[in-house]
Amino acid sequence: MRAGYLFVAPAVLFLLALLVYPVVLNVVMSFQDVTASTMLTGSDWVGFENYRAAFADELFVTAAWHSAVFAAASVTVQLLLGLLLALFYAQVFPGARVFRSLFMVAYAIPVVVSAELFRWLFSGPGWLVDTDLVLPALAGIQCWLGVPFVMVSLLAGLTAVPRVLHEAAMIDGAGAWQRFRAVTWPLLRPTLLATAVLSAIFTLKSFDLVWIATQGGPANASEILPTLAYRLVFSSFLFGKGAAILNVVFAALFVLSVLYLRAQRREVL
């Protein structure tokens, strides 16, 4: 019994040091007046003042709106394109495996490389330098990164649908759309929901893409909550306010994670 605890102890210590401790420290810091001058001497407790200051900041409201629009647009397009591609590649035709592998290239390339590549492609007039186009452009890049994951996830869900159900529907005279609506969609819906939640989580925490491509610009037109928190911490040295904003993001991700686990539980049941 004790030997078992010794075997899992390194993994537990690793999780405590790299996951639990930073989260707890960030929560504590959000209730303190932590700046560059008070970090070493000790910070005063200010309660929810950092949260009140963040919510009262117009830039926070703007960044929260950008985060919501960015996530909603990206996830919607990813699901639509991923579903269409999954339905297409679920068919048997020559070269299907090769083409599916090519779609995974975007998912395999590091986000830093992809962000630099698209910043170079969109370096001309418009797109990343236009306040009206920068957020749709970033959403498009996020879709390029996320569609392969959605396609593979939904393709796995499609292959799990019993073929005998489609054959029975065809015998009853059901067309392609009727088979999709009555057979495929009900069985694919739990996988689709879980994929949507995971895609939303990946998109909401997409700091590296936005920061490398635009750094929240131009004129804060692409500022999202993670980039705003980064700017407050490393530019303005307002650690408490930045921690409060990160906790808001963490709370949103926690809710989405709970929804994902519930979706997975329903799928198993």
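Heads up: these notes are all about the structure in this document. (Residues numbered from 1 in each chain as written. Predicted model: local features only at pLDDT ≥ 70, side-chain atom pairs only at ≥ 80, totals over all residues. Heavy atoms only, no water.)

This part is about the packing of aromatic side chains. As enumerated under the stated definition, the model contains 13 aromatic pairs in all. Here F149 and F202 contribute two aromatic rings whose centre-to-centre distance is 5.6 Å and whose plane-to-plane angle is 70°, an arrangement assigned as edge-to-face. In this pair, F149 sits in helix 7 (residues 134-159) while F202 sits in helix 9 (residues 176-204), placing the two residues 53 residues apart along the sequence. Three or more aromatic residues link up through ring pairs in this structure, and these residues are F207, W211, Y230 and F234. (Phe/Tyr/Trp six-rings, centres within 6.5 Å; stacked < 30°, edge-to-face > 60°. Helix = DSSP H or I, 4+ residues; strand = E, 2+ residues; numbered from the N terminus.)

So, on to the environment of T184. In this fold, T184 is placed in helix 9. By relative accessible area, T184 is classed as buried at 6%. C-alpha separation for the pair T184 and L79, spaced 105 residues apart in sequence, amounts to 15 Å. Not counting the four nearest positions on each side in its chain, T184 is found in contact with L158, H166 and R179. (Buried < 20%, exposed > 50% of the residue type's maximum accessible area, 1.4 Å probe, protein only. Contact = heavy atoms within 4.5 Å.)

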